[in-house]
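Spelled out, the chains give:
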Amino acid sequence: MRRKFGVTMTAAAALMTSAFVANAGEVEVLHWWTSGGEAAALNVLKDDLEKQGVGWQDMPVAGGGGTQAMTVLRARVTAGNAPTAVQFLGFDITDWAKEGALANLNEIAAEENWDEVVPKALQKFSKYDGKWVAAPVNVHSTNWVWANKAVLDELGIAQPTTWDELIAAMDKVKGAGKVALAHGGQAWQDTTIFDAVVMSTGGPDFFKKAFIDLDPEALGSDTMKEAFDRMSVLRGYVDDNFSGRDWNLATAMVINGDAAFQFMGDWAKGEFLNAGKKPGEDFLCFRFPGTQDQVTFNSDQFAMFKQGDTVSEDQAALAKAIMSPSFQIAFNTVKGSVPARTDVSDEEFDACGKKGMADLAAANASGNLIGSMAHGHANPAAVKNAIYDVVTAHFNGEYDSETAVSELVTAVEIAQ
Ligand code: GAL
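Every chain begins its residue count from 1, and numbering advances along the sequence as written. At least 70 in pLDDT is required for a residue's local features to be given in this predicted model, at least 80 for side-chain atom pairs to be given and counted, and no such filter applies to totals for whole chains, interfaces and linings, which use all residues. Working from all heavy atoms in the structure, the side-chain values ignore hydrogens and water.

Student: Provide a residue-level description of the overall build of the protein, including the pertinent values.
Tutor: Helix and strand counts for the protein stand at 19 helices and 14 strands. Between the two quantities, the radius of gyration covers C-alpha atoms and the globule rule is 2.2 Å times the number of residues to the power 0.38. Whereas a compact globule of 416 residues would reach a radius of gyration of roughly 22 Å, the protein reaches 21 Å, a difference of no more than 12%. Seen through its C-alpha atoms, the protein measures out along the principal axes to roughly 60 × 45 × 45 Å. Considering the protein as a whole, with its 416 residues, one finds that 58% of them fall into the buried category. We call two residues contacting when some pair of their heavy atoms lies within 4.5 Å. Long-range contacts, defined as pairs at least 24 residues apart, comprise 76% of the intrachain contacts of the protein with a sequence gap of at least 6. As used throughout, the charge tally considers Lys and Arg to be positive and Asp and Glu to be negative, leaving His and the chain termini uncounted. Charge placement uses NZ in Lys and CZ in Arg. For Asp and Glu, CG and CD serve respectively. Counting 33 positive and 55 negative side-chain charges, the protein places the averaged centre of each group 3 Å from the other. Helix numbering and strand numbering both begin at the N terminus, where a helix is a DSSP run of H or I of at least 4 residues and a strand a DSSP run of E of at least 2. Here's how the labels work: a residue is buried when its accessible area is under 20% of the maximum for its type, exposed when over 50%, partly exposed in between, all with a 1.4 Å probe on protein chains only.

Student: Give a description of the packing of aromatic side chains that names residues and reports values.
Tutor: Given two aromatic rings, their pairing is described by the distance between the two centres and the angle made by the two planes. Note on ring pairs: Phe, Tyr and Trp rings are taken, using the six-membered ring of Trp, and paired if centres are within 6.5 Å. Classes follow the plane angle, with under 30 degrees stacked, over 60 edge-to-face and the rest tilted. Across all of its chains, the model carries 17 aromatic pairs by this definition. For the ring pair Trp 33 and Phe 302, a centre distance of 5.8 Å and an interplane angle of 70 degrees mean the geometry is edge-to-face. Here Phe 302 lies in strand S13 (residues 300-304) and Trp 33 lies in the loop between strand S1 (26-31) and helix H2 (36-51), a separation of 269 residues in the sequence. The pair formed by Trp 33 and Phe 302 is uniform in burial state, with each residue classed as buried. On the basis of an interplanar angle of 45 degrees and a centroid distance of 6.4 Å, the ring pair of Trp 188 and Trp 267 is categorised as tilted. With a gap of 79 residues between them, Trp 188 in helix H10 (residues 187-212) and Trp 267 in the loop between strand S10 (259-263) and helix H14 (268-274) connect regions that are remote in the sequence. Taken together, the aromatic side chains of Trp 33, Phe 302, Phe 327 and Phe 331 make up a single cluster linked through ring pairs.

Student: Quick one: what's the story with the site of the ligand, residue by residue and with numbers?
Tutor: Taken together, the neighbourhood of the ligand is formed by 14 residues, with Glu 38, Asn 298, Asp 300, Lys 335 and His 375 sitting nearest. Each polar contact in these results corresponds to two N or O atoms within 3.5 Å; when the atoms are within protein, one needs to be able to donate a hydrogen and the other to accept it, and residues that are neighboring in sequence are counted only if both atoms are side-chain atoms. Between Lys 335 and the ligand, the recorded distance is 2.8 Å, taken from a side-chain N or O atom to an oxygen atom. The fraction of the free accessible surface of the ligand (300 Å²) that becomes covered by protein chains is 100%. For cavity detection a 1 Å grid was placed over the protein atoms alone, and a set of points counts as a cavity when a 1.4 Å probe fits there but cannot get out; an open set counts as a pocket when protein lies on both sides within 12 Å along at least five of seven lines, with lining residues being those that have an atom within 4 Å of a point. To be counted as sitting in a cavity or pocket, a molecule needs more than half of its atoms within 2 Å of that site's grid points. Most atoms of the ligand, that is more than half of them, are within 2 Å of grid points of the largest cavity. To be near a molecule or strand, a residue needs just one of its heavy atoms within 4 Å of it. Values of accessible area rely on a 1.4 Å probe in the Shrake-Rupley scheme; residue burial ignores everything except the protein chains shown.

Student: Run through empty space enclosed by the protein, naming residues and quoting values.
Tutor: Grid points are joined across faces, edges and corners, and a volume is the space filled by probe spheres set on the points. Per the stated rule, a full pass over the model turns up two cavities of 30 Å³ or more. Its boundaries defined by the atoms lining it, the largest cavity holds a volume of some 90 Å³. Lining the largest cavity are 15 residues; nearest its centre among them are Trp 32, Glu 38, Gly 65, Trp 267 and His 375. Partitioned by chemical class, the residues of the lining of the largest cavity number six nonpolar, six polar and three charged. Each pocket or cavity is described by its volume, and for the second largest cavity that value is around 40 Å³. Just so you know the grouping, Ala, Val, Leu, Ile, Met, Phe, Trp, Tyr, Cys and Pro go in nonpolar, Asp, Glu, Lys and Arg go in charged, and all remaining residues, Gly too, go in polar.

Student: Would you mind going over H2 in detail, with residue names and values included?
Tutor: With 16 residues, H2 extends 23 Å between its outermost C-alpha atoms, agreeing within 8% with the 22 Å of an ideal straight helix rising 1.5 Å per residue. Residues of H2 that are buried include every one of Gly 37, Glu 38, Ala 39, Ala 41, Leu 42, Leu 45, Lys 46 and Leu 49, and no others. Contacts from the buried residues of H2 go to S1, strand S2 (55-60), helix H13 (247-255), H14, helix H15 (313-323) and helix H16 (325-335). One or two residues past the end of H2 sits Gly 53, with phi positive at roughly 80 degrees. Between the first and last residue of a helix there are one fewer steps than residues, each counted as 1.5 Å, and that sum is the expected span.

Student: I'd like a description of the state of the cysteines, backed by residues and values.
Tutor: The term disulfide refers to a covalent linkage connecting the sulfur atoms of a pair of cysteines. Cysteine sulfur pairs qualify as disulfides if the two atoms are within 2.5 Å. Per the counting criterion, the structure on display carries one disulfide. Paired by a disulfide, Cys 285 and Cys 352 hold their sulfur atoms 2.2 Å apart. Taking the sign of the S-S torsion, about -110 degrees here, the bridge from Cys 285 to Cys 352 comes out left-handed. Here Cys 352 lies in helix H17 (residues 351-365) and Cys 285 lies in strand S11 (residues 283-287), a separation of 67 residues in the sequence.

Put into structure tokens, the structure is as follows:
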């Protein structure tokens, strides 16, 4: 039943493997990195561990953003069979730490000086109650645009810097008979775009009020209605087959020149690189128009499930490997993300990676580094999922913008 790297596994199939227990000398890692670029990055980690004599039992659960992985995890833990290590986003770490399920990594963190080198915005999630409970492997952000350079050049389109320029550019692409916006109609993908659209429409203070403070006034405001109106506009640029499409297949449309743009986190870059494409030559990366100064971040972190009183040697090896500076470079140059440490040079990163690192530092210094709502860094999963439902219902035409705004206020209130 157990499958190898890069092969997707449905939640149901994954559950059927739940009798598995990691043996001494290996770690079992539950994750959702099943696309080509993601699997290539994961191989960097797997190889690193294997060199140290630590075996890898792969537990992939397909589904971008990790929603399905979290469902499988809950079932595994309920069955008394937690995996050794688990990929997590933001508030999910806190939720499991509150349940007392995660191993204390303080000893390793102290030895390796994590307090000094991990950005504080990440530590908020890596630590619970003064204890390190997760090791951050990267920093991604959601407010990126990915574009096929040849398509833009052919149509004489300059990189758009405002909402109006973006719409004019997409009109040109559509007019030329190509798909303007490559998108996969899945709730988490719709909401990834919503992250950027709300930031662009309302600015950082509005974004924080709405999605971090969950202020009902901001959630129910005219600005939020305008953001929904913009989502309706974007809906006009996707192709007829967008529904249910996986994010990496949408990226492939841009890679192949079938579409001009994708609005997606920088894990998309992993797909371009995996296809042998070069930033600046084959594809462009730039911030979603109107969010040039902001970084809506999410960080993938690995937490170790308690196996006994202390962290096992294999778990410790995994945590150390993740945080090593050379690994952070090797991994993040493939994954599309940037290092989760402040003391790593950008030398080996490509142009998009260098920009990502510079943007992160600048946003951190100017108070513009803000947790992604769509990727679990603004609120716990209950709230996030409630927002997903409204955004996706609106994107699919079930609600008009006015209804979406009032549904949003109600859904968030109920979910808290
Ligand atoms: C994000 C995660 C990324 C990438 C993406 C799509 O939530 O942080 O590492 O895996 O989902 O699967």
